[in-house]
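Each chain is listed here by its residues.
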Amino acid sequence: SQTIHQWPATLVQPVGSPLSLECTVEGTSNPNLYWYRQAAGRGLQLLFYSVGIGQISSEVPQNLSASRPQDRQFILSSKKLLLSDSGFYLCAWSVAASGRGEQFFGPGTRLTVL
Amino acid sequence: KQEVTQIPAALSVPEGENLVLNCSFTDSAIYNLQWFRQDPGKGLTSLLLIQSSQREQTSGRLNASLDKSSGRSTLYIAASQPGDSATYLCAVDSWGKLQFGAGTQVVVTP
């Protein structure tokens, strides 16, 4: 069966510090991968998605970036965090071969920027 | 631009009652629609996926219907239990992206 991991689970960072969140998927190959942010009062917003290693599409202009160094690894980064980057970050995957199929989500990372 | 609305925003029912959760979307050109459950502080759990060519999907006590022409989906949960308390989100796959509603927060009282 497939599982998706995210770490860390919780993170408190000062404004201006760097960020690195990691997501890994087990039990599948060549998945589509997604980063979402859930901010209070704003719902779930798609940030990035990837259909393969090194292939990243950005949905929202911001100071965040994403990378996919390995087939089942997706990383969300920032060089300098802003207060507005606080939120709940969720990674998701779907089966690439099925096109735009069902998405499965990880447990999330709660980020607080102070 | 696709917009997804969920009404009501919150719902409280006594145990045993059936739950009816509504989701509406503005652009009927959708690929599929997915219902999720989210517990406080947790990730999303996929409940049901309805392809655009389908009218409904069932899983246990859950049944979801889809009327693309009117831009509506309804999630029915039969014989609710306190363990069904959570936030329920619908999301439409429109032009390759999932657009989420704001969710319906459900409380089932014993």
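Quick caveat, the model's predicted, so the values are computed rather than measured.

Undergrad: Could you give an account of the interface of chain B and chain A, naming the residues involved and the relevant values?
TA: Counting residues at the interface gives 18 residues for chain B and 18 residues for chain A. For the chain B face of the interface with chain A, the top three residues by lost area are L44, K97 and F100 of chain B, together amounting to 31%. Scanning the region where chain B abuts chain A turns up zero salt bridges. In this assembly, chain B and chain A are joined by three residue pairs in polar contact (both at pLDDT 80 or more). Per element, the largest residue contribution to the side of chain B that touches chain A is four residues, and it comes from strand β4 (residues 32-38) of chain B.

Undergrad: Go over the side chain of R68 of chain A with me, naming the residues and quoting the values.
TA: Residues and elements named next belong to chain A. Tracing the sequence through the fold places R68 in strand β7 (residues 64-70). A distance of 2.7 Å separates the side chain of R68 from the backbone oxygen of P31, its partner in a polar contact. Once residues lying within four places of it in the same chain are set aside, the contact partners of R68 are N30, P31, N32, L33, S50, V51, G52, I53, G54, I56, Q73 and F74.

Undergrad: Please give an account of the sheet that holds strand β3 (residues 19-25) of chain B that cites residues and values.
TA: The pairing of strands in a sheet comes from backbone hydrogen bonds and takes either a parallel or an antiparallel form. Residues and elements named next belong to chain B. Strands sit in the order β1-β3-β8-β7-β6 across an open sheet of five strands; the sheet is antiparallel. Lying at the two open borders of the sheet, with one neighbouring strand each, are β1 (4-7) and β6 (56-59). The sheet shows a mean angle of 15° between the axes of neighbouring strands, direction not considered.

Undergrad: Would you mind going over the side chain of S50 of chain A in detail, with residue names and values included?
TA: All names here are of chain A. Looking at the element boundaries, S50 is found in strand β5 (residues 43-52). S50 sits in the buried class, given a relative accessible area of 1%. Of note is the side chain of S50, whose polar atom sits 2.9 Å from the backbone oxygen of G52. A polar contact of 3.1 Å, which involves the side chain of S50, links it to the side chain of R68. Filtering out sequence-adjacent residues up to four positions away, S50 remains in contact with P31, N32, L33, Q55, I56, R68 and F74.

Undergrad: Can you lay out the sheet that holds strand β1 (residues 3-7) of chain A for me, pointing to particular residues and giving the numbers?
TA: Residue and element names in this part refer to chain A. Pairing is antiparallel in the open sheet, where four strands are placed in the order β1-β3-β8-β7. One side of each edge strand has no neighbouring strand; the edge strands of this open sheet are β1 and β7. For this sheet, the mean angle separating the axes of adjacent strands, direction not counted, is 20°. The pairing of strand β3 (residues 19-26) with strand β8 (residues 73-78) spans six bridges and is antiparallel. Each residue of the ladder has a partner; that of L21, found in β8, is L76.

Undergrad: I'd like to hear about the state of the cysteines, residue by residue, with values.
TA: Residue and element names in this part refer to chain A. What the rule picks out here adds up to two disulfides over all chains. Between the sulfur atoms of C23 and its disulfide partner C91 the distance amounts to 2.0 Å. Disulfide C23-C91: the torsion about the S-S bond is -75°, which places it as left-handed. Placement of the pair is C23 in strand β3 and C91 in strand β9 (residues 87-94), with a sequence separation of 68 residues. Residue class for C23 comes out buried when judged on its relative accessible area of 0%.

Basis of the calculations
- Residues numbered from 1 in each chain as written.
- Chains lettered and ligands numbered in written order.
- Predicted model: local features only at pLDDT ≥ 70, side-chain atom pairs only at ≥ 80, totals over all residues.
- Heavy atoms only, no water.
- Contact = heavy atoms within 4.5 Å.
- Buried area = accessible area lost by both parts, 1.4 Å probe.
- Salt bridge = Lys/Arg side-chain N within 4 Å of Asp/Glu carboxyl O.
- Polar contact = N/O pair within 3.5 Å; in protein donor to acceptor, adjacent residues only side chain to side chain.
- Helix = DSSP H or I, 4+ residues; strand = E, 2+ residues; numbered from the N terminus.
- Pairing = 2+ DSSP bridges.
- Axes fitted to C-alpha atoms, helices over the stretch in contact; angles between N-to-C directions.
- Buried < 20%, exposed > 50% of the residue type's maximum accessible area, 1.4 Å probe, protein only.
- Disulfide = S-S within 2.5 Å.

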